[in-house]
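What the coordinates show
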Amino acid sequence: MPLPELVSLQARKNGDKVAAHFSKASLVKKELTFSELDLFSNKLANVLVEQGVKPGDFVGICMQRNEFMLISLLAILKSGAAYVPMDPAYPSERLSYMAHTADIQLLLMTSSEREAINSFEGRKYCVDSQWENISNYSDDFVSLAVDEAIAYIIFTSGSTGKPKGVEIPHRAVSNFLLSMAKRPGFTEKDRILALTTLSFDIAALEIYLPLICGGTVVLASQEELSDAVLLQQLIQQHNINVVQATPSTWRNLLNFGFNGSSSDSSVFKALCGGEKLTTDLAQSLNACCDEVWNMYGPTETTVWSSCYRLPKDDDSVLIGKPIDETQFFVLDQKGEKVKAGVKGELYIGGKGVAQGYLNRKDLTSERFVPNPFGMGVLYRTGDVVEETISGEFKYHCRMDDQVKVRGFRIELGEIESVLMSHEMIDQAIVVVKNYSDMDQRLIAYVLLMPGKSLTNGDMRKHLRDYLPDYMSPQFLVEIESLPLTPNGKVDRNALPDPLETVNVIDSHCPPETSTQKSIAEIWSRHLGVERIGLTDHFFDLGGHSLLAMIVSKDIELLYKNSIQTIDLLSHSLEQLAEKIDREQPASIEEKSISKGWFRSLTNKFMEL
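**Details of the sheet that holds strand β12 (residues 269-272)**
The pairing of strands in a sheet comes from backbone hydrogen bonds and takes either a parallel or an antiparallel form. What the nine strands build is an open sheet, ordered β2-β1-β10-β9-β11-β12-β13-β14-β15; its pairing is mixed. With partners counted over all chains shown, the strands left at the sheet margins are β2 (31-33) and β15 (321-322), one partner each. Pairing between strand β13 (residues 291-296) and strand β14 (residues 306-309): four bridges, direction antiparallel. Following the sheet pairing, Met295 is matched in β14 by Cys307.

**Thoughts on the sheet that holds strand β24 (residues 425-436)**
Strands sit in the order β24-β25-β26 across an open sheet of three strands; the sheet is mixed. In the strand order of this sheet, the two ends are held by β24 and β26 (475-478), each with one partner. The mean inter-strand angle of the sheet, taken between neighbouring strand axes irrespective of direction, is 25°. Sheet analysis places β24 next to strand β25 (residues 439-448), joined by 10 bridges and oriented antiparallel. The residue of β25 that forms the bridge with Gln427 is Leu447.

**Overview of the pattern of salt bridges**
Under the counting rule described, the total for this entry stands at 17 salt bridges. Across the pair Arg94 and Glu414 runs a salt bridge whose closest N-O atoms are separated by 2.9 Å. Within this pair, whereas Arg94 is found in helix α4 (residues 92-102), its partner Glu414 is found in helix α13 (residues 412-420), the two being separated by 320 residues in sequence. You'll find Arg94 and Glu414 in the same group, each marked buried. The closest approach of N and O atoms between Asp383 and Arg398, which form a salt bridge, is 2.7 Å. In this pair, Asp383 sits in strand β20 (residues 377-387) while Arg398 sits in strand β21 (residues 393-398), placing the two residues 15 residues apart along the sequence. Here Asp383 falls in the buried class, since its relative accessible area comes to 6%. For Arg398, a relative accessible area of 18% translates into the label buried. In this structure, a network of salt bridges that share partners links the residues Asp227, Lys553 and Glu556.

**Brief notes about helix α19 (residues 573-583)**
When we look at burial in α19, the residues that qualify are Leu573, Leu576, Ala577, Lys579 and Ile580. Angular distribution of buried residues about the axis of α19 spans 160°; they occupy a single face of the element.

**Structural notes on the pairing of β25**
The element β25 is largely enclosed, with a buried count of 10 among its 10 residues. What you see with β25 is no split at all: Asp439, Arg441, Ile443, Tyr445 and Leu447 on one side and Gln440, Leu442, Ala444, Val446 and Leu448 on the other are buried throughout. Here β25 runs beside β26; their pairing, made up of four bridges, is parallel. Along β26, the bridge assignment pairs Ala444 with Leu476. Following the chain from β25 across helix α14 (residues 456-464) to the adjacent parallel β26, one finds a crossover that is right-handed.

**Notes on unusual backbone geometry**
Pro184 follows Arg183 through a cis peptide bond whose omega is 15°. Of note, Pro184 is situated in helix α6 (residues 170-185). Even without glycine at this site, Asn239 takes up a positive phi of about 50°. For Asn239, the location among the structural elements is in the loop between α9 (228-237) and β11 (242-245). The phi dihedral of Asn359 is positive, around 55°, even though this residue is not glycine.

Each value, and the rule that gives it
- The residue numbering used here restarts from 1 in each chain and proceeds along that chain's sequence as written.
- Reporting in this predicted model follows two pLDDT cut-offs: at least 70 for local features of residues, and 80 or more for side-chain atom pairs to be given and counted; totals over whole chains, interfaces and linings ignore these cut-offs and use all residues.
- The side-chain numbers reported here are obtained from all heavy atoms of the structure, hydrogens and water having been left aside.
- Strand pairing is assigned whenever DSSP identifies at least 2 bridges connecting the two strands.
- Each helix is a run of H or I in the DSSP string that is no shorter than four residues. Each strand is a run of E no shorter than two, and both are numbered from the N terminus.
- Where helices are involved, their axes are fitted lines through C-alpha atoms of the stretch in contact, as for all axes, and angles between N-to-C directions lie from 0 to 180°.
- Salt bridges are defined by distance alone: a side-chain nitrogen of Lys or Arg within 4 Å of a carboxyl oxygen of Asp or Glu.
- Categorising residues by exposure relies on relative accessible area from a 1.4 Å probe, with only protein chains included: less than 20% of the type maximum marks a residue as buried, more than 50% marks it as exposed, and the intermediate range marks it as partly exposed.
- The arc under discussion is defined with respect to the helix axis, by the directions toward the C-beta atoms.
- If you view a crossover with the strands going away from you and the path from the first strand over the helix to the second runs clockwise, you call it right-handed.

Here's what the structure looks like:
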């Protein structure tokens, strides 16, 4: 059954019950019942049909996380079209490529996104400014969606230098959601916190699972997503008992006091996926949550393809068994099944397999292969796993250069391709270095053309034109030659540590005031950089969004005034200190920070 019909069934059953709550509502209302959501999306679906949207079309959606986003998603699906998330934070070049590749017929937006999508040359429809007009349309609409039609397209990182669009049909989404309702389980009494961007496929669980089960979804705002304390307040305020997040986000929540409890007696379920779950994090979550589930699955097989409830009395961290209507095959290099306990590449079959990559027949035929063991096709995951004696599966590693950094799936080859598209860059190698479980950093090593020079700032500007922030390397290191192994391959282990380069910079203006020195010490503790000067920027020294959240809270605890992530992005050390001093009414010259206090805090981060 197509997704809109599953939602409409619940609308008829739970009409007056709250389906969704919005932290930052715009015009409609703070909460929407199942009936209201169904009727409002019917009205907008009628508008879309009048705008010329037909079944099989692709409609872009570029909105903040509010009621208009949810109404628009359902309206697009009801019209028989598929939606394409267009993240307003993405570079215009990337958005233009996505729009062109998907041949987007119409872009749904809200007023706040006007600037972000200026480069879009097609037709646009501003939902919030047209809401009074939309309200006059009929609230009767019969869904045009069918099982095999595409529901949405998610663009993921591509090794060739361009993102690739994964085509997910309704039958795959519906099968996934119905299976999730049974295991890990979701009922009409459950309330889930939605904290994932629409461009990340796991958002489908957070948004649609409660809508087909009669539960409630609470959409966190963009501001709340970047603040672990605000997220915890949402959990308590709305009696949230189901949260899905990446290991990086879970670590951050634990660091800021999350204890797994909501204010009622519901069983609290923690769903953890998007990157490998470590034993120590699993233990920490299991100590404070009623149920902890390890979720596994690539975008190409529709969000999660397996799940595993972590036992309280065992340290095993497996990816579990396949969900309903899904098959796992562990094959060797000859394409033959291996025995339990033997490692091999995981191939996934069943209803969740995507239709392929949009307009990429070559790549589709390479990754989606005929099923030699039954009907349909299998998706080659590139993941090395093994089946245990009990029939559960264990994840080991990747077979290629695809990585997961803070939950984001990244093809290192895409970053390398973008760097080498600059006329002055001859070669580029990108690696991931783990400084701690909380701190993964992308590092790019570049070899310039002979006789050419290029500033770090120019390279970053070039990257920002083509890549989203989460794919931008924390370090850009210029090297004279690439170290090679005896067989002529790049010796990645011989590449220099970028922290050594940062710590020996000649042009160094040391901090002078008490505030400057205190902030520099906070940065140093978390970045691992010894010499921090007045003109330095947090992100240029290797900082990233997760560290920024931690550092901003450290500064807030010390100076009692709020520092946002955007402040760390746009201010040098000197400018940040000036901002704090301006906003601090009382003298803070006497305040100091003991190294022992920072050391204990850092140790706490490392233990979780």
